[in-house]
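Architecture at a glance
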Amino acid sequence: MNECMGIDKPLITIVMAVYEPNMQWLKEQLLSLEAQTYPNLELIIRDDCSPTVPFEQICECAATCIRSFPYEISRNERNVGSNQTFEWLTQQARGEYIAYCDQDDVWLSEKIETLYQAVLSQNAVMSYCDMAVIDAKSDVIATSLRQIRPRLEYLTGSALMKSYFFRNCTAGCSMLMRADIAKQAVPFPKQTVADHWLAIWAAYSGSIAFVDKAMLKYRQHSRNQTGILSGVTDKESYCVKRILPLKERLNMLKERIDVQQDLQDFVQARIENRVLGIWKGRKFSPKEAGFEIIMNLLPEKLFQAIISRIRK
């Protein structure tokens, strides 16, 4: 059918991991995929063994909403988490590009077309965009993610791997990535969120393009997997959530590429909580280095209060 329509643009695979989806939100998301203006798409959905939402209900929703391009849907035999599910989806994708998709957002109809044009015009391996923010009722609460995360700094250009290694500004739902690069990123780490690892690998592999427009509506609700200092409540949980994944990322990178020694030293200093070493390597991540040096000086109760304030 695509040949008859004269489509000469490359196939883009949308990959979606679902787990215990809110069916109204899933329907809104699928309808927004159906409305995409980009003409050559496929959709692959994997349900991560949802315990209470029937798989048949998810299949029926997809069949009702997706009519303009092919899709396939499967169910994991057991719950493996979003990282493993997105890794399998990445391997399944047949397109030249992969668009990563959450189950509860809403995409603007020109999202994929805009990101595709950004990749072409800037000769990039990955493009991504800003996001508006909606609540559980689909009401817009921010026209840009920067309105609710004022410290957020979007990165664009080349030679960004070191910056991305320590902090991620690219949500998976906002990215379009060359499939060959994404497949090189397999396997994904277990402790690092998949979109962060993909962004690191893209930044190592080439240039990254940024579209300074909100091309989707990101739904913020109580069950979001990621957020500001997600899972951090005290010094111990900070180390588990923010420090230990550094070691995992570093080890996985060292297996594949040559990693600069001073970057390795900075990671090790943070793991071992050595203030002088953190100070020496602060160029790699100035804000986090300063935060962790101050963290060492604060009483536990005061640190907990500051974390609570930041998260709010």
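1. What to know about the nonpolar core
One finds Leu30, Leu33, Met126, Tyr128 and Tyr164 to be the most contacted residues of the largest nonpolar core, which totals 93 residues. Once you skip the residues sitting within four places of it in the chain, Tyr128 turns out to touch Leu115, Tyr154, Leu155, Tyr164, Cys169, Thr170, Ser174, Met175, Ile208, Ala209, Phe210 and Val211. Within the second largest apolar cluster, seven residues are counted, among which are Ile243, Met295, Leu298 and Ile307.

2. Here we look at the packing of aromatic side chains
Each aromatic ring pair is characterised by the separation of its centres together with the angle its planes make. Tallied over the full model, the rule gives 15 aromatic pairs. With a centroid separation of 5.3 Å and an interplanar angle of 70°, the aromatic rings of Tyr38 and Tyr116 are classed as edge-to-face. With a gap of 78 residues between them, Tyr38 in the loop between α1 (23-34) and β2 (41-47) and Tyr116 in helix α4 (residues 111-121) connect regions that are remote in the sequence. For the pair Tyr38 and Tyr116, one class covers both residues: buried. Counting every residue linked through ring pairs, the aromatic cluster contains Phe165, Phe166, Phe266 and Phe284. Between Arg249 and the ring centre of Phe165, over which it is positioned, the NZ or CZ distance is 5.3 Å. One cation-aromatic arrangement involves Arg256 over Trp201; the distance from NZ or CZ to the ring centre is 5.3 Å.

3. As for empty space enclosed by the protein
Per the counting criterion, the structure on display carries one cavity of 30 Å³ or more. For the largest cavity, the calculated volume is near 40 Å³. Listing elements by their share of the lining of the largest cavity, those giving two or more residues are α8 (235-254) and α11 (286-297). For the lining of the largest cavity, the residue count by class is four nonpolar, one polar and two charged.

4. Notes on the pairing of strand β3 (residues 71-75)
The sheet contact formed by β2 and β3 spans five bridges and is parallel. Across the sheet, the residue bridging to Arg46 is Ser74, located in β3. Regarding the hand of the β-α-β motif, the stretch spanning β2, helix α2 (residues 55-65) and β3 is right-handed.

5. Considering the packing of α8 against α11
Interhelical geometry of α8 versus α11 gives an angle of 155° and a closest axis separation of 12 Å. Judged by the inter-axis angle, α8 sits roughly antiparallel to α11. The handedness of the crossing between α8 and α11 is left-handed. Residues Lys235, Tyr238, Arg242 and Ile243 of α8 touch α11, and the partners they reach there are Glu288, Phe291, Glu292, Met295 and Asn296. For the contact of α8 with α11, the per-class residue count stands at four nonpolar, one polar and four charged.

6. Section: unusual backbone geometry
Of note, the bond from Val186 into Pro187 is cis; its omega dihedral lies within 30 degrees of zero at 5°. The residue Pro187 is located in the loop between α6 (179-184) and α7 (194-205) in this model. Non-glycine residue Glu20 carries a positive phi angle of around 50°. Looking at where Glu20 falls in the secondary structure, it is placed in the loop between β1 (12-18) and α1. Judged by its relative accessible area of 13%, Glu20 is buried. In the Ramachandran plot, Asn273 falls in the positive-phi region, its phi being about 60° despite a non-glycine side chain. Note on placement: Asn273 falls in the loop between α9 (261-271) and α10 (275-280).

7. Topic: the pattern of salt bridges
Across all of its chains, the model carries 15 salt bridges by this definition. Where Glu153 meets Lys287, a salt bridge forms, and the shortest distance between an N and an O atom there is 3.0 Å. Residue Glu153 is located in the loop between β7 (140-142) and α5 (161-166), and its partner Lys287 is located in helix α11; the two are separated by 134 residues in the primary sequence. Here Glu153 falls in the partly exposed class, since its relative accessible area comes to 39%. Among the residues examined, Lys287 registers a relative accessible area of 54% and is labelled exposed. Between Arg242 and Glu288 there is a salt bridge whose closest N-O contact spans 3.1 Å. Pair noted here: Arg242 is in helix α8 and Glu288 is in helix α11, with a separation of 46 residues, a long-range link. Using a relative accessible area of 28% as the deciding quantity, one classes Arg242 as partly exposed. When its relative accessible area of 12% is taken as the criterion, Glu288 is described as buried. A single network of salt bridges, built from pairs that share partners, joins Arg242, Arg270, Glu288 and Glu292.

Cut-off values and rules
- Residues numbered from 1 in each chain as written.
- Predicted model: local features only at pLDDT ≥ 70, side-chain atom pairs only at ≥ 80, totals over all residues.
- Heavy atoms only, no water.
- Core = buried A, V, L, I, M, F, W, Y, C linked by side-chain atoms within 4.5 Å.
- Buried < 20%, exposed > 50% of the residue type's maximum accessible area, 1.4 Å probe, protein only.
- Contact = heavy atoms within 4.5 Å.
- Phe/Tyr/Trp six-rings, centres within 6.5 Å; stacked < 30°, edge-to-face > 60°.
- Helix = DSSP H or I, 4+ residues; strand = E, 2+ residues; numbered from the N terminus.
- Lys NZ or Arg CZ within 6 Å of the ring centre and 35° of its normal.
- 1 Å grid on protein atoms, 1.4 Å probe; cavity = no way out; pocket = protein on both sides within 12 Å on 5 of 7 lines; lining within 4 Å.
- Points joined across faces, edges and corners; volume = space filled by probe spheres on them.
- Nonpolar A, V, L, I, M, F, W, Y, C, P; charged D, E, K, R; others polar.
- Pairing = 2+ DSSP bridges.
- Right-handed = clockwise from strand over helix to strand, strands pointing away.
- Axes fitted to C-alpha atoms, helices over the stretch in contact; angles between N-to-C directions.
- Parallel < 35°, antiparallel > 145°, perpendicular 65-115°, else oblique.
- Left-handed = near helix turned anticlockwise from the far one by under 90°.
- Salt bridge = Lys/Arg side-chain N within 4 Å of Asp/Glu carboxyl O.

Note that all results are geometric; they support no functional claim without further evidence.
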